[in-house]
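# A structural walkthrough
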Amino acid sequence: SNKELQKNIYKYKFLLASLSGSFLLFFGKIFLERLKSSISFLSSGSGVVRISLIKEAIVIIKEFPFFGVGLNLGPRAMIEQSILSPELRGFMFPVHSTFFLFFSELGIPAGVLFILLLFFILFFSFKIVKEDMLSFGIWMGVIAFILNAQVHTLFNHDPSFDLLFILLGFLTFICKEKKLQ
């Protein structure tokens, strides 16, 4: 009913305002400091390294377009091809972008398939999950992982990639259950 819809919209607005206010209260100072440092991201600090690693990943993709260099061999390929600048020679982390990492280590076909997998799951599940707060939260969690994947690899030293696929699994399960009802 219209009255119930209005009530739900009010609850969502209140929840968003409460979360935003809490965030600003507890993390406002840290957030502002981080925002100030973001201005110089491309000219100093880790931004320069990340951009350098992306350029090097593009070189690898051009040289190994179909099958890539192999899983977890991106940094070794950069060293063997002398792509890395001298200050990054001992830097044993791959490019800080999951998509560039997929394309450079597994090739263009695997990278495209990975992106299509994510797109189809998100696209076809949206109609179902938008009506339930928990399902929509899981859907938004997947979006957050995908956005984070642009500046941080989801593979390496943390379980982020595993968590992404656990969320995708929950999302798929929820959609299947809701279709059966």
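Quick note: structure is the one above.
Residues numbered from 1 in each chain as written. Predicted model: local features only at pLDDT ≥ 70, side-chain atom pairs only at ≥ 80, totals over all residues. Heavy atoms only, no water.

### Focus on the side chain of S104
- Looking at where S104 falls in the secondary structure, it is placed in helix α4 (residues 98-106).
- Only 3.3 Å separates the side chain of S104 from the backbone oxygen of L101, close enough to count as a polar contact.
- If we ignore the near neighbours within four places in the chain, the residues touching S104 are A57, I60, I61, G68 and V69. (Helix = DSSP H or I, 4+ residues; strand = E, 2+ residues; numbered from the N terminus. Polar contact = N/O pair within 3.5 Å; in protein donor to acceptor, adjacent residues only side chain to side chain. Contact = heavy atoms within 4.5 Å.)

### Here's the deal with the nonpolar core
- Residues F99, L118, L122, V142, I146 and L171 are the most contacted members of the largest nonpolar core, which totals 19 residues.
- For this core, the secondary-structure elements that each account for two or more residues are α4, α5 (108-129), α6 (133-148) and α7 (160-180).
- Ranked by residues supplied to this core, first place goes to α7 with 6 residues.
- If you look at the next biggest cluster of nonpolar residues, it comprises 8 residues, including I60, M78, V95 and L101. (Core = buried A, V, L, I, M, F, W, Y, C linked by side-chain atoms within 4.5 Å. Buried < 20%, exposed > 50% of the residue type's maximum accessible area, 1.4 Å probe, protein only.)

### Focus on α5
- The terminal C-alpha atoms of α5 lie 31 Å apart, and with 22 residues this matches the ideal 32 Å at 1.5 Å per residue to within 8%.
- When we look at burial in α5, the residues that qualify are G111, F114, L118, L122, S125, I128 and V129. (Expected span 1.5 Å × (residues − 1).)

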